[in-house]
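Here's the letter readout for the chains.
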Amino acid sequence: MTTRSTDQPPTDPHRDPAELWQQALRHLSQNVSQANYNTWLDGTEGLRFIDHSLVIGTKSEFVTEWMQKRMRPLIVRTLTELADEPLDIRFEPLRQEMQTVSPLSGAPGEQEAGIPRPRLRERYTFEHFVVGTNNRLAFAAAEGVASAPGRLYNPLFLYGAAGLGKTHLLQSIGHRTMDAGLKVIYISSEQFTNQIITAIQQRRQDEFRARYRSADVLLIDDIQFIVGKESTQSEFFHTFNDLYEAGRQVVITSDKSPALIPHLEERLRTRFEWGLIADIQAPDLEMRVAILREKAIEHGARVPDEVIHAIAARFTNNIRELEGSLTRILAYARLTGEALTIELVQSALASLRADEPKLPPSPDLIMDVVCRYFGIDREALLSKSREKRVAYPRQLAMYLMREMAQRSLVEIGQSLGGRDHSTVHHGWRKMERSLIIDPETKRDVSSLRELVERSRQAA
């Protein structure tokens, strides 16, 4: 049983509630699934001590209720162990306040007193990002922007499916530029919208604009969510213009390229295309293995190669799920005392089967559907023929393998008769452009997607 420390009680002003909670989050991340961590714990803050309780700021009342019911015992136990004394918890919803970007003072990266620093995850730095063929351009561009903000690629637009590292790169830029003493705002498009609404309600639009337009670096996550919000798009348009003309850096992430974000205002789409657009694709097997090995080093764990490869083969299209599965397996092994084996992997991940998203369609399935749809055989699809009746279906297959199966250009080329990756890139981009201007291509892609999904569900 722990005893109360006499030299540093919970209410001692020298104990930092924010730092204690960050330590707790690092421990909790080892004991909950990555999905649960991202949904409930990520974005919470240690606010202050009251009596012998830590007040934890949460994103909403819904999050508070879930944490009270499901995580309270684990959190209390974790905090008590870290503080070396009994420590209770209270919850309080965080207020969505506008981030101020007043001039910096003190050490590099430190905001003025009373001005909150952007909430960036500690490990989301360039040093912790694993680089491979699927993200090399995005990584190099992000590093270039962080080294010379406003001068190299402005804006930088990063896009790709969920869980592939866009937010990691965005926050890496934030860490690097804050360390250089720059004024940084990191925010999601949803928070940006909420702050606009608050500013309008409180008649503080001028203050809102002054704060955002004085930033050296503006980092906006998930820009696709401003679609359909006219006031938000208009405000962001003018904010973008002011920052761009002043030589300030803007970095944006999305799940789609600007050309494919539906109902995005054309004036914004055009500006997003002024700089560099870089995509992040699903990692190939070698990349997934490298990520897991890096994660194992972070945990200080020695994981056998066969276990690494078993996990890498199971999770193919989402890095967060990949890393979360290793965390779960290591926690399972620690709790049960079992050795890290293939059998332990199966046991530890068994309960995830019902919740796992269905794997992306295989290249073979996509080729079968394309051949049936256009009435051609596989031999023609894989041939060197450039006739339109074959070349067009082949390019559609390239596009679907890239977008639905999330395969690399090299993998797609191998599936389609050993074609060069540059040929695949040309075909994929051609279909991407055609989707914008050609109703026939839109119809074919929509029909093929539906047929692929039906075939996958029937399999």
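Residues numbered from 1 in each chain as written. Predicted model: local features only at pLDDT ≥ 70, side-chain atom pairs only at ≥ 80, totals over all residues. Heavy atoms only, no water.

**Section: the overall build of the protein chain**
- The helix and strand tally for the protein chain stands at 20 helices and 8 strands.
- Looking at the protein chain as a whole, 49% of its 459 residues are labelled buried.
- Long-range pairs, those at least 24 residues apart, make up 72% of the contacts in the protein chain with a sequence separation of at least 6.
- About 22,300 Å² of surface is accessible on the protein chain, with carbon and sulfur atoms providing 49% of the total. (Helix = DSSP H or I, 4+ residues; strand = E, 2+ residues; numbered from the N terminus. Buried < 20%, exposed > 50% of the residue type's maximum accessible area, 1.4 Å probe, protein only. Contact = heavy atoms within 4.5 Å. Areas by Shrake-Rupley, 256 points an atom, 1.4 Å probe, with all protein chains shown as cover.)

**Some words on helix 11 (residues 285-299)**
- Here helix 11 is 15 residues long and its end C-alpha atoms lie 21 Å apart, about the 21 Å a rise of 1.5 Å per residue gives.
- Buried within helix 11 we find M287, R288, V289, I291, L292, K295 and A296.
- Tucked inside the fold, the buried residues of helix 11 contact helix 12 (305-314) and helix 13 (319-336).
- Taken from the residues just after helix 11, G300 is the one with a positive phi, measuring 70°. (Expected span 1.5 Å × (residues − 1).)

**Thoughts on the nonpolar core**
- Formed by 51 residues in total, the largest nonpolar core has its most connected members in I223, F236 and F272.
- Top element by residues in this core is helix 17 (residues 388-403). It accounts for 7 residues.
- Not counting the four nearest positions on each side in its chain, I223 is found in contact with F157, S189, F236, I252, T253, S254, I261 and F272. (Core = buried A, V, L, I, M, F, W, Y, C linked by side-chain atoms within 4.5 Å.)

**Some details on the pattern of salt bridges**
- On inspection of all chains with the given rule, the structure shows 25 salt bridges.
- Taking the shortest distance from any N to any O, the salt bridge between R211 and E207 comes out at 1.9 Å. Of this pair, R211 and E207 both sit in helix 8 (residues 205-213), 4 residues apart, which is roughly one turn of that helix.
- Assessed through its relative accessible area of 18%, R211 is described here as buried.
- The salt bridge involving D364 is made with R378; its shortest N-O contact spans 3.4 Å. Of the two residues, D364 sits in helix 15 (residues 363-374) while R378 sits in helix 16 (residues 378-382), which places them 14 residues apart along the sequence.
- According to the relative accessible area criterion, D364 is partly exposed, its value standing at 42%.
- Linked by salt bridges that have partners in common, D206, R209, R213, E235 and D242 make up one network. (Salt bridge = Lys/Arg side-chain N within 4 Å of Asp/Glu carboxyl O.)

**Section: the sheet that holds strand 1 (residues 45-50)**
- As summarised here, the arrangement of the 3 strands in space is 1-2-3, forming an open sheet in which the pairing is mixed. Both outer strands of the open sheet, strand 1 and strand 3 (88-93), are each paired with one neighbouring strand and no more. In this sheet, adjacent strand axes meet at a mean angle of 30° when their direction is disregarded.
- Pairing analysis gives 6 bridges linking strand 2 (residues 53-58) to strand 3, with the strands arranged parallel. Bridging across to strand 3, G57 finds its partner in E92.
- Here helix 1 (residues 17-28) sits on the sheet and contacts strand 1 and strand 2; the angle it forms with strand 1, its principal contact strand, is near 125°.
- Most of the contacts of helix 4 (residues 72-83) go to strand 3, to which it runs at about 120°, and overall it touches strand 2 and strand 3. (Pairing = 2+ DSSP bridges. Axes fitted to C-alpha atoms, helices over the stretch in contact; angles between N-to-C directions.)

**Here's the deal with the sheet that holds strand 7 (residues 249-254)**
- Reading across the sheet, the 5 strands line up as 5-6-7-4-8 and stay open at both edges, with parallel pairing between neighbours. With one partner strand each, in any of the chains shown, strand 5 (184-188) and strand 8 (276-279) form the two edges of the open sheet. Averaged over all neighbouring strand pairs, the angle between strand axes comes to 15°, with direction disregarded.
- In this sheet, strand 6 (residues 217-221) lies alongside strand 5 in parallel orientation, the contact comprising 5 bridges. Along strand 6, the bridge assignment pairs S188 with D221.

**Focus: the packing of aromatic side chains**
- A complete count under the given rule lists 15 aromatic pairs for this structure.
- With a centroid separation of 6.4 Å and an interplanar angle of 70°, the aromatic rings of F240 and F272 are classed as edge-to-face. Of this pair, F240 sits in helix 9 (residues 230-245) while F272 sits in helix 10 (residues 266-272), and the two are 32 residues apart along the sequence. For the residue pair F240 and F272, the accessibility class agrees, reading buried in each case.
- Ring centres of Y373 and F374 lie 4.9 Å apart, and the angle between their planes is 80°; on these two criteria the pair is classed as edge-to-face.
- Each residue in the set F157, F192, F208, Y212, F236, F240, Y244, F272 and W274 is aromatic and connected to the rest through ring pairs, giving one cluster.
- Over the face of the ring belonging to Y124 we find R121, whose NZ or CZ atom lies 4.9 Å from the ring centre.
- When the ring centre of W428 is taken as reference, the NZ or CZ atom of R429 above it lies at 4.2 Å. (Phe/Tyr/Trp six-rings, centres within 6.5 Å; stacked < 30°, edge-to-face > 60°. Lys NZ or Arg CZ within 6 Å of the ring centre and 35° of its normal.)

**Remarks on the packing of helix 7 (residues 189-201) against helix 8**
- Closest axis-to-axis distance for the helix 7/helix 8 pair is 8 Å, and the angle between their directions is 145°. Residues F192, Q195, I196, A199 and I200 of helix 7 touch helix 8, and the partners they reach there are Q205, F208 and Y212.
- Residue classes in the contact of helix 7 with helix 8 are distributed as 6 nonpolar, 2 polar and no charged. (Nonpolar A, V, L, I, M, F, W, Y, C, P; charged D, E, K, R; others polar.)

**Here we look at helix 12**
- Restricting attention to buried positions, one finds in helix 12 the residues V307, I308, I311 and A312. For helix 12, the angular spread of buried residues about the axis comes to 135°, placing them on one side.
- Packing partners of the buried residues in helix 12 comprise helix 11, helix 13 and helix 14 (342-349). (Arc of directions from axis to C-beta.)

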